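Chain by chain, the residues run as shown.
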Amino acid sequence: MKKVLFAGSTITDMNEKLLNHLEFFHRNGYTVHLLGKDTGINVPYVDQIIDFDFFEKTGFNKERKLIKQLQDLLIDEKYTAVISYEDIPGYFIRMSGRSAFRKFQRPKMFHLVSEYPFYENPEGQAERKSFDRQKRAGKTTDLLIVCNDTDVSIAEKYHFSQDKLVKLYGLGVPSIREKISSIDKVALRKQYQLTPEHFVAFYDNLFEEDKNHRFLIENILPIINHFPHFKMIFNGSGSTLNEMKSLAEKENVSKNILFLEKEDPSELYALSDLYISPSLIEGIPFGIVHALEMNLPVLASEAKGNVDLIRDGSNGILFGLNDYGDFTANLYVLLQKNNLLEKLKKADNSSISNYFPKSAEKHIFNYYRKVINDIDSFVETKAFEESKNFYDEG
């Protein structure tokens, strides 16, 4: 019997992010199991939900017990493949295959890296632990899919996969074009009390230290002094949100900053004139993907993830990490020169389609086929042939 296990933090999260993956295996005759915290929802294409809390046990002895539980599960169920996509669940489920099976008898282990990046020179404790987990779990990874060139280099250097390493485009970034295609930008800006004279910059990201909101808040006062109609919109939630609100007050820029926590920020791309990302590190920068999809000019830091998307001077402008002078000079030029903004708006961003689910999933599915031994049992062979010509800008 062909069986596949998907491992993640919660069943709800897997339903939201991997539904098409579940359908793919179901359609190809696989029994589909989900392993994660049961949130009581019904998920299509799934034969069994296994309630499991990857974050319940901490400490060496408890982690060993957790891995032993997972080893027993893999041995009992005899899965053909196991698929993970998050750091902690991905580590534990892959580690469970290391000593539970004789060579070549364990399931194929796939890991998809999308929303968190690799760290080569980790400074913080959390980053060091993540790096160590990837090195250890790499010995039981048959297919590792990463989403930017820097992570490919790191994964190759430190052997984060024992077999196949592929650069694709994550799990797929949802398109926002249809949602905002009929929005009246003028009317929308009025709703936010923005006049035609206002120049609106937008940043959509979690409030965490490495997303670097602090850099913008501490460095836009000179811009505001020269361009009093400059407005900055932050959208997101997170651990540093309240601190950043206080910082905006301290820096005397709070009147020019709007903090929002919208679950669906699509309309904010429609009302903005510029997307700014000062982030220090990214996997796939969803905000930049959405900005380029809408031909919204981008000013972004030279962080990994960002540099995979921005062609400096063509479809956006890059500035040095935490480089105040570079950032301010480029933003000043963008505010002064409408012709540069118009040039960026007209850039060819057609390759962004590779990041959307239909394209990303097609190629992920083809690698599922390629790595699993019983490729010939899959009924969808046409798409596999098409993937040979997959466009990879990297």
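It should be emphasised that the depicted structure is a prediction, and the values quoted were computed from it without experimental measurement.

K.L.:
How should the overall build of the chain be read in this particular structure?
P.N.:
Across its full length, the chain holds 17 helices and 13 strands. For 394 residues, the compact-globule formula gives about 21 Å, and the C-alpha radius of gyration of the chain, at 23 Å, lands near that figure. Each principal axis of the C-alpha atoms in the chain carries an extent, and together these give about 70 × 50 × 40 Å. Residues counted as buried form 54% of the 394 residues belonging to the chain. Here the contacts in the chain between residues at least 6 apart in sequence split such that 68% fall between residues at least 24 apart. Accessible area for the chain stands at about 18,400 Å²; split by element, carbon and sulfur atoms hold 47% of it. One way to put it: in the chain the 50 positive side-chain charges average out to a point 4 Å from where the 57 negative ones average out.

K.L.:
Teacher, can you tell me more about the sheet that holds strand S2 (residues 31-37) here?
P.N.:
Across the sheet, 7 strands lie side by side as S3-S2-S1-S4-S5-S6-S7; this open sheet has parallel pairing. Either end of the sheet is taken by a strand with one partner, and the two such strands are strand S3 (48-51) and strand S7 (164-167). The average undirected angle you get between the axes of adjacent strands in this sheet is 20 degrees. Sheet topology places strand S5 (residues 108-112) next to strand S6 (residues 143-146); 3 bridges connect them, and they run parallel. The residue bridging Leu 112 from the neighbouring strand is Ile 145, located in S6. With respect to the sheet, helix H1 (residues 11-27) is in contact with strand S1 (3-10), S2, S3, strand S4 (81-84) and S5, its orientation differing from that of S1 by roughly 165 degrees. The strands touched by helix H5 (residues 149-158) within the sheet are S6 and S7, with S7 carrying the most contacts at an inclination of about 165 degrees.

K.L.:
Even after reading the chapter, I still don't get the sheet that holds strand S8 (residues 199-204), so can you show me in this structure?
P.N.:
Strands pair in a sheet through their backbones, by hydrogen bonds, and they do so in one of two ways: parallel or antiparallel. Judged by pairing direction, the sheet is parallel, and its 6 strands sit side by side in the order S10-S9-S8-S11-S12-S13 without closing on themselves. Unpaired on one side and paired on the other, strand S10 (257-260) and strand S13 (317-319) mark the two borders of the sheet. Across the sheet, the axes of successive neighbouring strands diverge by a mean angle of 20 degrees, strand direction being ignored. Of the strand pairs in this sheet, strand S12 (residues 298-301) and S13 are connected by 3 bridges, and their pairing is parallel. What sits directly across from Leu 299, in S13, is Ile 317.

K.L.:
It is not clear to me how the pattern of salt bridges should be interpreted in this structure. Could you clarify?
P.N.:
Two side chains of opposite charge can pair, provided their charged atoms sit close to one another. Applying the stated criterion to the full structure yields 18 salt bridges. One salt bridge connects Arg 27 with Glu 23, and the closest N-O pair in it is separated by 3.7 Å. Residue Arg 27 and its partner Glu 23 are both found in helix H1; the two are separated by 4 residues, about one turn of the helix. By relative accessible area, Glu 23 is classed as partly exposed at 26%. A salt bridge links Arg 214 to Glu 243, with the nearest nitrogen and oxygen atoms 2.5 Å apart. With Arg 214 in helix H8 (residues 213-219) and Glu 243 in helix H10 (residues 241-250), this residue pair connects regions lying 29 residues apart in the sequence.

K.L.:
Any chance you could explain helix H14 (residues 324-336) here in plain terms?
P.N.:
Here H14 is 13 residues long and its end C-alpha atoms lie 18 Å apart, about the 18 Å a rise of 1.5 Å per residue gives. When H14 is considered as a whole, its buried residues turn out to be Phe 327, Thr 328, Asn 330, Leu 331, Leu 334 and Leu 335. Seen along its axis, H14 keeps its buried residues to an arc of 170 degrees; they face one direction. At the N-terminal boundary of H14, the capping side chain belongs to Asp 323, with an oxygen 3.2 Å from the backbone nitrogen of Gly 325.

What counts and what doesn't
- Residues numbered from 1 in each chain as written.
- Predicted model: local features only at pLDDT ≥ 70, side-chain atom pairs only at ≥ 80, totals over all residues.
- Heavy atoms only, no water.
- Helix = DSSP H or I, 4+ residues; strand = E, 2+ residues; numbered from the N terminus.
- Rg over C-alpha atoms; globule rule 2.2 N^0.38 Å.
- Buried < 20%, exposed > 50% of the residue type's maximum accessible area, 1.4 Å probe, protein only.
- Contact = heavy atoms within 4.5 Å.
- Areas by Shrake-Rupley, 256 points an atom, 1.4 Å probe, with all protein chains shown as cover.
- Lys, Arg positive; Asp, Glu negative; His and termini not counted.
- Charge placed at Lys NZ, Arg CZ, Asp CG, Glu CD.
- Pairing = 2+ DSSP bridges.
- Axes fitted to C-alpha atoms, helices over the stretch in contact; angles between N-to-C directions.
- Salt bridge = Lys/Arg side-chain N within 4 Å of Asp/Glu carboxyl O.
- Expected span 1.5 Å × (residues − 1).
- Arc of directions from axis to C-beta.
- Polar contact = N/O pair within 3.5 Å; in protein donor to acceptor, adjacent residues only side chain to side chain.

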